[in-house]
Amino acid sequence: MQAIQRETLGDLLPGQSGVVYRLDPEDRRMKRRLVAMGVTPGTRITVIKTAPLGDPVEVALRSYWLSLRQEDARHILLLNPREEARLSRARLKDDSAQSERLRFTTPTLRGEPQTRVQTSGEYRRKAGKDKSNAGDVHARLALAGNPNCGKTTLFNALTGSSAHVGNWPGVTVEKKEGRVRAGGVQLNITLVDLPGIYSLSPHSMEEIVARNYILDERPDAVVNILDATNLERNLYLTLQLLELGVPVVIALNMMDEVEQRCDSIDCKALSLGLGVPVFPLSARSGEGVAALSQYLSSALDTGWSAPSTEDTFLSVYDAPTYRALDAVGAVAGEQIAREGFPQRWAELKLLERDELLLERLELSSEAQAQLSDIIQRFESGYRLGESESVIADARYTFIEALYKRAYTQSSAPISATLSDKIDAVLTNKYLSLPLFALIMGGIFTLTFSTLGRWLSEGISLYFEYGVLPLARNLLQRLAAPMWFQSLICDGALGGIGGVLAFLPQIVLLYLCLSLLEDSGYMSRIAFIMDKPMRRFGLSGKSFIPMLMGFGCTVPAAVAARAMDNQQDKRMTILLLPFMSCSAKLPVYGLVAGALFAKGSGLVILSLYGLGIIFGILSGLLFRKTLLGGSAAPFVMEFAPYRLPLARNILLRVWERVSHFIEKAGTVILAMSVLLWFLQNFDTSLHITQDARESILYALGGLIAPLLAPLGFGTWQAAVALLTGLIAKETVVTSLSMFYGGSPGGVSTALRSAFTPLGAYAFLVMVLLYTPCIAAMATIRKELESPGLTAFIAVYQVALAYFAALLVYTLGGLIL
Amino acid sequence: MKLVYCVLGALILLWALVLLVLRVFKKGCGGNCADCPMKNKN
């Protein structure tokens, strides 16, 4: 019999739609990702548009937008029209059957928290941790939700600004904790912000971190935040949380947007359907947040309740799945109980071939063979292929029925929203690239050559004519000796002042990056840039960490975790040092400002451009040598454009800027003091007035000859570069100290110490040589390869040296 | 008075040295709280 020739999603043109028959990607991870995003058999998908450069495509499904590559879209097979008609008839029948299965027993409704007896093999809170020293009850809650569902906004709304940021143990995924407040009072509830995830399958580091937290740390309850405008896909995670048996409280966010669309959600039906309390709210406006925190406050006294896992499983899964789960339980039940995992959840995970759980249970080879046999028999009963797809399909079938019952769509004709109109312009085939260039140009102009520069100069003048004379005066009154005055004024204050002057530029840069991120434009940039990025083995998603790299390499390397595969992540991290971080900006500002005066803005821009060019060339080189292979998949959600919330933006900017200030007050201050000592003492540890007798001169003199061919073979430049390995800003500290004492100030001294060409070569060296220690430590952690880390450290120095040599030599020939 | 300033100067220098040594050997914290495992401890 001849196989039916099927159309694929890749064959559809913008505006056309089809219903998924099955997923057939070669990459299993890709399939899992698509399933978690709701691309399951029977789902209707409409192609919205293609990216300006022809790839990827934007599609709409389950009331949200997703972008994926044409290549991957071609692996999504569609039903033919006859099958579609048959399916819709069958669905009408199925709907009533599914509605019957929609439960439930005695759900806990809002304001009626119930304490429930926990049965063996189910989720239990970690014993002995719910009483604080004072004897008060203390609860630890986890906040879980999909990316872009307003998690940070709700976290800030619930905790105020009491959050502190750290890392999850062992991995560099950001961890936030804060105390919940209700009615202005801080409650004994710690809220832990889990990473933004689409499912609890162990596909990405974020998912593993979130799952392990719930399983190992066993929070008292999970506050599951859902995007009400994208309910279907968000409920997928909810269902997985319920399968774990953990007490869940649902925060139904963005209800204001649902109301704006004239749609409505029956929260009672949702609560009954899931068996958990549901709180409609808008984290942005704060509406409904008080009711949620009041509930949390009362639940602190009455206890947290969870729906029965058995109820959840009965509602979602059919009889053959249940039989398969029982069979899995017979094989691995003992090991599951030994490890203390929720019984049904663990059985389901084993049926899904969950590698991490298999590893932890250490099943015998005989048990593994039996398990494999059970899974194969289970899969043969369905046409969906792997068990994971069958289970995902069951979850979505339940969700669809619940969604239909709870969500009422307005009968008014759907008109294009403001977000659609903005998107039509920003991702337009002809306008998108010029607009992107214009936005980036605007950011750079604002930060580096207009407002940012004026504010920097203001702070510089304030230090020079305000702070330093004041400190000198004070020390003279206190009869401090000259050397002590020099230590405080030239060493400590001079060093800090040189760096703090660039604070406004750094604030502006972070402000702009946060605005891009929160507005939803970042994901569009990834969409636009995917095709060109793929040319050197990266996905459009890499563009986001790259852009963050202009702020700081450390969070950018952490953000690279969002990459879908290890190779892509490594490539992104290896290329991050080429994106000139904001710490280098003070160096550019100082040297270019002194040597190129009015053209300094252009010089700085050229350095940023040069970094990108070297990044691209290195990317091509790495792809051909170190990290060959096919490009990573690109599956990304398109959140609607939203007006960024000032509070969130300011909190994020403050988080980052406070690091900079902290650095200025610690490591940069310490470095300034040390440099002052090395500059003012000779090798026999006597104070010296002649810099040529200083320890620093001796140290710098060892390296300076190597730098002579690059046009800056002075001991000052050599030492400045060395100190830059601790933190890039200290290059400025060093230069300010070495040249600050000369008549006419640093700028005049720099003009006599460097030729313009030598200065430019010096800046190229600063741009490209090994990143600071903090960045290298993060890179090492994220790359998970000491060899690759050592390689990148050496590669950066070598490349910086040759690039500076090239600039100086070629420049000498041309000029 | 001179001795007081000498002690003060030496203390400042010692603080600077300790801080820098810690930074080099403590996996590069550098005031970067997002990368600081110490801040997770309650």
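Residues numbered from 1 in each chain as written. Chains lettered and ligands numbered in written order. Predicted model: local features only at pLDDT ≥ 70, side-chain atom pairs only at ≥ 80, totals over all residues. Heavy atoms only, no water.

Visitor: So what exactly am I meant to see when it comes to the overall build of chain B here?
Guide: A count of helices and strands for chain B gives 1 helix and 0 strands. The buried share among the 42 residues of chain B stands at 36%. Of the accessible surface of chain B, which amounts to about 2800 Å², a share of 79% is contributed by carbon and sulfur atoms. (Helix = DSSP H or I, 4+ residues; strand = E, 2+ residues; numbered from the N terminus. Buried < 20%, exposed > 50% of the residue type's maximum accessible area, 1.4 Å probe, protein only. Areas by Shrake-Rupley, 256 points an atom, 1.4 Å probe, with all protein chains shown as cover.)

Visitor: Please explain the sheet that holds strand β3 (residues 57-61) of chain A as it appears in this structure.
Guide: Two pairing modes exist for strands in a sheet, parallel and antiparallel, and in both the strands are linked by backbone hydrogen bonds. Residue and element names in this part refer to chain A. Strands sit in the order β5-β1-β2-β3-β4-β15 across an open sheet of 6 strands; the sheet is antiparallel. The strands lining the two open edges of the sheet, one partner per strand, are β5 (76-78) and β15 (635-638). Averaged over all neighbouring strand pairs, the angle between strand axes comes to 45°, with direction disregarded. (Pairing = 2+ DSSP bridges. Axes fitted to C-alpha atoms, helices over the stretch in contact; angles between N-to-C directions.)

Visitor: Mind showing me how you'd approach the state of the cysteines here?
Guide: Residue and element names in this part refer to chain A. Counted under the stated rule, the structure contains 0 disulfides over all chains. Summary of cysteine pairing: Cys-149 is not part of a disulfide, and the nearest cysteine sulfur, belonging to Cys-267, is at 16 Å. Given the relative accessible area of 2%, Cys-149 is considered buried. (Disulfide = S-S within 2.5 Å.)

Visitor: Sorry if this is basic, but what is going on with empty space enclosed by the protein here?
Guide: The method is simple in principle: a probe with the dimensions of a water molecule rolls over the atoms, and the space it marks as empty is what remains. All names here are of chain A. Inspection of the entire model under this criterion finds 7 cavities of 30 Å³ or more. Taken as a whole, the second largest cavity holds about 50 Å³ of empty space. Together, Arg-22, Leu-23, Lys-31, Val-35, Val-39, Thr-40, Pro-41, Leu-384 and Ser-389 line the second largest cavity. When contributions to the lining of the second largest cavity are tallied by element, the ones reaching two or more residues are β1 (17-23) and α1 (28-36). When its residues are assigned to classes, the lining of the second largest cavity shows 5 nonpolar, 2 polar and 2 charged. (1 Å grid on protein atoms, 1.4 Å probe; cavity = no way out; pocket = protein on both sides within 12 Å on 5 of 7 lines; lining within 4 Å. Points joined across faces, edges and corners; volume = space filled by probe spheres on them. Nonpolar A, V, L, I, M, F, W, Y, C, P; charged D, E, K, R; others polar.)

Visitor: I keep staring at the pairing of strand β10 (residues 221-227) of chain A and nothing clicks. Help me out?
Guide: Along any regular strand, the residues point their side chains to alternate faces of the sheet. All names here are of chain A. Most of β10 sits inside the fold, with 7 of its 7 residues counted as buried. Burial along β10 is two-sided: Ala-221, Val-223, Ile-225 and Asp-227 facing one way and Val-222, Asn-224 and Leu-226 facing the other are all buried. Note: strand β6 (residues 139-145) against β10, 5 bridges, orientation parallel. Each bridged residue has a counterpart across the sheet, and for Gly-145 the counterpart in β10 is Ile-225. Note that β10 and strand β11 (residues 248-253) share 6 bridges and pair parallel. Across the sheet, the residue bridging to Asp-227 is Asn-253, located in β11.

Visitor: Would you explain the packing of helix α25 (residues 585-596) of chain A against helix α30 (residues 729-740) of chain A in this entry?
Guide: All names here are of chain A. Closest axis-to-axis distance for the α25/α30 pair is 7 Å, and the angle between their directions is 35°. Residues Pro-586, Val-587, Leu-590 and Val-591 of α25 lie in contact with α30, whose contacting residues are Glu-729, Val-731, Val-732, Leu-735 and Ser-736. Class assignment for the residues of the contact of α25 with α30 results in 7 nonpolar, 1 polar and 1 charged. (Contact = heavy atoms within 4.5 Å.)

Visitor: Explain the pairing of strand β4 (residues 64-68) of chain A to me, please; I cannot follow it from the model alone.
Guide: Residue and element names in this part refer to chain A. Buried residues dominate β4, accounting for 4 of its 5 residues. As paired elements, β3 and β4 share 5 bridges and run antiparallel to each other. Paired with Leu-61 across the two strands is Tyr-64, which belongs to β4. As judged from the 4 bridges shared by β4 and β15, these two strands associate in the antiparallel manner.

Visitor: What is the right way to read the confidence of the model for chain B from this model?
Guide: Interpretation of the predicted coordinates at a detailed level should be avoided for regions scoring low in pLDDT. All names here are of chain B. Residues with a pLDDT of 70 or more make up 55% of chain B, whose mean pLDDT is 68. Per-residue pLDDT stays below 50 along residues 27-42; that stretch engages in 45 contacts with residues further than four places along the chain or on separate chains. Both scores are given for the predicted complex: the pTM is 0.75, the ipTM 0.74. (pLDDT = per-residue confidence, 0-100.)

Visitor: Would you mind showing me how to read the pattern of salt bridges here?
Guide: Side-chain pairs of opposite charge can arise where the charged atoms are in close proximity. Residues and elements named next belong to chain A. In the structure shown here, the tally under the stated rule is 26 salt bridges over all chains. In this structure, Glu-347 and Arg-344 form a salt bridge, with 2.6 Å as the shortest nitrogen-oxygen distance. Placement of both Glu-347 and Arg-344 in helix α12 (residues 343-351) is noted, with a separation of 3 residues, approximately one turn of the helix. One exposure class covers both Glu-347 and Arg-344, and it is buried. The shortest N-O distance in the salt bridge between Arg-395 and Glu-352 comes to 3.5 Å. (Salt bridge = Lys/Arg side-chain N within 4 Å of Asp/Glu carboxyl O.)

Visitor: What is the right way to look at the environment of Val39(A) in this model?
Guide: Residue and element names in this part refer to chain A. Within the secondary structure, Val-39 is located in the loop between α1 and β2 (44-50). Exposure remark for Val-39: the relative accessible area of 1% places this residue in the buried category. With 17 residues separating them along the chain, Val-39 and Arg-22 place their C-alpha atoms 9.1 Å apart. Aside from chain neighbours lying at most four places away, what touches Val-39 is Val-20, Leu-23, Leu-34, Ile-45, Leu-61, Leu-66 and Ile-76.

Visitor: In this structure, what is going on with the nonpolar core? I would like to understand it.
Guide: Residue and element names in this part refer to chain A. One finds Leu-547, Tyr-588, Phe-712, Phe-762 and Leu-763 to be the most contacted residues of the largest nonpolar core, which totals 128 residues. The element that contributes the greatest number of residues to this core is helix α27 (residues 646-680), accounting for 16 residues. Excluding its chain neighbours within four sequence positions, the residues that come into contact with Tyr-588 are Ser-580, Gly-593, Ile-604, Leu-607, Tyr-608, Leu-763, Val-766 and Leu-767. One finds Tyr-213, Phe-313, Ala-367 and Leu-371 within the second-largest nonpolar core, a separate group that totals 93 residues. (Core = buried A, V, L, I, M, F, W, Y, C linked by side-chain atoms within 4.5 Å.)

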